Amino acid sequence: MLGVSGGVAAYKACEVLRGLTETGHDVRVVPTRSALQFVGRATWEALSGQPVTVEVFDDVHEVAHVALGRSADLVLIVPATADLLARMAHGRADDLLTATVLTARCPVLVAPAMHTEMWEHPATRDNVAVLRARGTVVIEPDTGRLTGTDSGKGRLPDPAGIVQIARAALAAKSELHGRRVLVSAGGTREPLDPVRFLGNRSSGRMGYALATTAVARGAEVTVLAANVSLPAPAGVRVVHVETTADLHRAALAEAPGADAVVMAAAPADFRPAGAAAHKIKKSSDGAVAPLELVQNPDILADLVCQRGEAAAPVLVGFAAETGDDAGDVLAHARAKLARKGCDLLVANDVGAGRVFDRDDTDATVLERTGAEHPVRAAAKTELAAFLWDLVAKHLAEPPRQHG
Ligand code: CTP
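What you see is a predicted model; the values in this text were computed from it and never measured.

Student: So, the side chain of Asn127: which residues are in play, and what are the values?
Tutor: Tracing the backbone shows Asn127 in helix α7 (residues 122–133). By relative accessible area, which is 11% here, Asn127 ends up buried. Once residues within four sequence positions are removed from consideration, Asn127 is found in contact with Leu85, Ala86, Ala89 and His90.

Student: How would you summarise the sheet that holds strand β3 (residues 75–80) if you had to cite specific residues and measurements?
Tutor: Pairing between the strands of a sheet is mediated by backbone hydrogen bonds and can be parallel or antiparallel. Pairing in this open sheet of five strands is parallel, and the strands run β2-β1-β3-β4-β5 from one edge to the other. Among the strands making up the open sheet, the edge pair consists of β2 (29–31) and β5 (137–138). Pairing of strand β1 (residues 2–4) with β3 involves two bridges; the strand directions are parallel. Paired with Leu2 across the bridge in β3 is Leu76. In the packing of helix α4 (residues 82–89) onto the sheet, contacts are made with β3 and β4 (108–112), and the angle to β3 comes to roughly 140°.

Student: Hey, could you go over the layout of surface pockets for me, with residue numbers and the actual values?
Tutor: There is about 980 Å³ of room inside the second largest pocket. Surrounding the second largest pocket, 40 residues form its lining, Ala265, Ala266, Pro267, Phe318 and Ala320 being those nearest its centre. At the level of elements, α9 (205–216), α11 (299–307), β16 (314–321), α12 (329–340) and β17 (344–349) are the ones that each hand at least two residues to the lining of the second largest pocket. Tallying contributions element by element places β16 first for the lining of the second largest pocket, with four residues.

Student: Quick rundown of the packing of aromatic side chains? Include the residues and the values.
Tutor: Evaluation of the coordinates by the stated rule reveals zero aromatic pairs. One Lys or Arg, Arg125, reaches over the ring of Trp119 and ends 4.6 Å from the middle of that ring.

Student: Could you give me a rundown of the domain arrangement of the chain, with the residues and numbers involved?
Tutor: On domain assignment, one finds that the chain holds domain 1 (2–170) and domain 2 (180–396). Each of domain 1 and domain 2 was reduced to a C-alpha centroid, and the two centroids are 35 Å apart. Of the residues lining the interface, five residues belong to domain 1; the matching set on domain 2 comes to five residues. Carbon and sulfur atoms make up 57% of the area that domain 1 and domain 2 hide from each other, which totals about 460 Å². When the area that domain 1 buries against domain 2 is broken down by residue, the three leading residues are Pro107, Arg132 and Ala133, summing to 53%. Counting across the domain 1 and domain 2 interface gives zero salt bridges.

Student: Tell me about α9, and please be specific about residues and values.
Tutor: Given a rise of 1.5 Å per residue, twelve residues ought to cover 16 Å, and the 17 Å separating the end C-alpha atoms of α9 matches this to within 8%. The element α9 is extensively covered by neighbouring structure, given that nine of its twelve residues are classed as buried. Those residues of α9 that fall on the buried side of the exposure criterion are Met206, Gly207, Tyr208, Ala209, Leu210, Ala211, Thr212, Thr213 and Ala214. Close packing links the buried residues of α9 with β8 (180–186), β11 (220–226), β12 (237–241), β13 (260–263), β16 and α13 (380–394). One or two positions beyond α9, positive phi appears at Gly218, with a value near 95°.

Student: Lay out the environment of Leu337 with the relevant residues and their values.
Tutor: Along the polypeptide, Leu337 turns up in helix α12. Under the relative-accessibility criterion, Leu337 is labelled buried at 9%. The spatial distance from the C-alpha of Leu337 to the C-alpha of Arg368 is 7.1 Å, given a sequence separation of 31 residues. The residues touching Leu337, leaving out its near neighbours within four places in the chain, are Cys342, Asp343, Leu344, Leu345, Leu366, Glu367 and Arg368.

Student: Can you lay out unusual backbone geometry for me, pointing to particular residues and giving the numbers?
Tutor: Following Val78, the chain continues into Pro79 via a peptide bond in cis, with omega recorded as -10°. For Pro79, the position within the fold is in strand β3. Residue Pro313 is reached from Ala312 by a cis peptide bond, and omega for that bond is 0°. Structurally, Pro313 can be placed in the loop between α11 and β16.

Student: Describe the site of the ligand, naming the residues involved and giving the relevant values.
Tutor: Around the ligand sit 14 residues in total, of which Met263, Ala265, Phe318, Lys336 and Lys340 are the nearest. Residue Lys340 places a side-chain N or O atom 2.7 Å away from an oxygen atom belonging to the ligand. For the ligand, whose unbound accessible area comes to 570 Å², protein coverage reaches 78%. According to the grid-proximity analysis, the pocket containing the ligand is the second largest pocket. Within the residue set of the shell around the ligand, elements represented by two or more residues are α11, β16 and α12. A breakdown of the residues in the shell around the ligand according to their chemical character gives eight nonpolar, one polar and five charged.

Student: Kindly report on the pattern of salt bridges, identifying the contributing residues and their values.
Tutor: By the definition in use, this model includes 19 salt bridges. Residues Glu254 and Arg237 are paired through a salt bridge, measuring 2.8 Å at the closest nitrogen-oxygen approach. Linking Glu254 in helix α10 (residues 244–254) with Arg237 in strand β12, this pair joins segments that are 17 residues apart in sequence. Here Arg334 makes a salt bridge to Glu372, at a shortest N to O gap of 2.7 Å. Of this pair, Arg334 sits in helix α12 while Glu372 sits in strand β19 (residues 372–379), and the two are 38 residues apart along the sequence. Assessed through its relative accessible area of 33%, Glu372 is described here as partly exposed. A single salt-bridge network, built from bridges that share partners, covers Asp83, Arg87, Arg92, Asp94 and Asp95.

So, how was this worked out
Residues numbered from 1 in each chain as written. Predicted model: local features only at pLDDT ≥ 70, side-chain atom pairs only at ≥ 80, totals over all residues. Heavy atoms only, no water. Helix = DSSP H or I, 4+ residues; strand = E, 2+ residues; numbered from the N terminus. Buried < 20%, exposed > 50% of the residue type's maximum accessible area, 1.4 Å probe, protein only. Contact = heavy atoms within 4.5 Å. Pairing = 2+ DSSP bridges. Axes fitted to C-alpha atoms, helices over the stretch in contact; angles between N-to-C directions. 1 Å grid on protein atoms, 1.4 Å probe; cavity = no way out; pocket = protein on both sides within 12 Å on 5 of 7 lines; lining within 4 Å. Points joined across faces, edges and corners; volume = space filled by probe spheres on them. Phe/Tyr/Trp six-rings, centres within 6.5 Å; stacked < 30°, edge-to-face > 60°. Lys NZ or Arg CZ within 6 Å of the ring centre and 35° of its normal. Domains from an automatic or database assignment. Buried area = accessible area lost by both parts, 1.4 Å probe. Salt bridge = Lys/Arg side-chain N within 4 Å of Asp/Glu carboxyl O. Expected span 1.5 Å × (residues − 1). Near = heavy atom within 4 Å. Polar contact = N/O pair within 3.5 Å; in protein donor to acceptor, adjacent residues only side chain to side chain. Areas by Shrake-Rupley, 256 points an atom, 1.4 Å probe, with all protein chains shown as cover. Sits in = over half its atoms within 2 Å of the grid points. Nonpolar A, V, L, I, M, F, W, Y, C, P; charged D, E, K, R; others polar.

Spelled out as structure tokens, the structure:
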């Protein structure tokens, strides 16, 4: 489905439409009312060879938004105006296009185009961040000549490039169909007493981005969520855990039925030797009781052991590294990949406030075969898409039968 909203760049959507129909795709065009101010219904019908509907109340007997949303393999919106991004971010359904976006369960790709000031406005930035966090792929606009004599960021990318991204999304869409994947997310908490715990700064965003992306690609997804305060991703089964011991139990119990396990959570490596049954009180003489820690199990290493010689599940680890005198981030990551024995390892540089609580990330994905793939300044959803591509490559066998 090609959605078109009301901006001058709507004329370039004609070229995107041609690029898709010429490569054999059936495209239904859903323009907004204002898009028709720029390019008329006759043009869309002639180029797509399909009827064009704009209002929810047209063709009511077909319940067009439900039919279009359910049957689409991809929703592509070219151009997306600031107004359309705002309506999508708020889940509005005040025309056929936005209603269809809400019923779609396929990947949604949007190519915004607008004046630089509108693109850079905090409201638009927030809307784009919300959409990306939900798994919508928002293509960055180009910098160049805008509608008038002005130029800056906000120009629609080259239509041929948009067609290429759309075709890649269609090719990748169903590669996890019928696969079961398990993703851990968030950071574990190790209780000191009933009110205090040792924790870490993992927000769960990476794990949730992985889950959302896997659902869009047709997988059955379970998330083991350690203290994540984000809303649960749509279509995902969430199992809540608190401590590394909880996560260890849940991961080892769920992994045998899974085709892939991605350990995106940050499990605490240590826990207090014994959690106090009552709140620990300050002592009047200022003496502080020493904190005794014991080591937690290494979940990923135990998953590798449990898998033994079996081909599945594909096991993916994350390495949050800062680098030190003994080596840089990559040197530590290579050693960790070898030590843990997993198939893929995502090395994140977490020095100087990078990664935690942010939507974008710099990472290098290391394969057991020795291949290394740098992924720079990517949204966590983009890193997730790249990672699932690699997981799919490792899942060479057809889906296993699950009992
Ligand atoms: N991990 C795990 N169990 C643990 C700790 C970590 O399964 N007890 C997983 C994480 O989810 C991540 C990977 O192992 O996928 C790397 O975690 P990290 O803490 O960076 O590695 P460590 O093994 O703790 O190594 P080091 O302490 O040397 O950094």
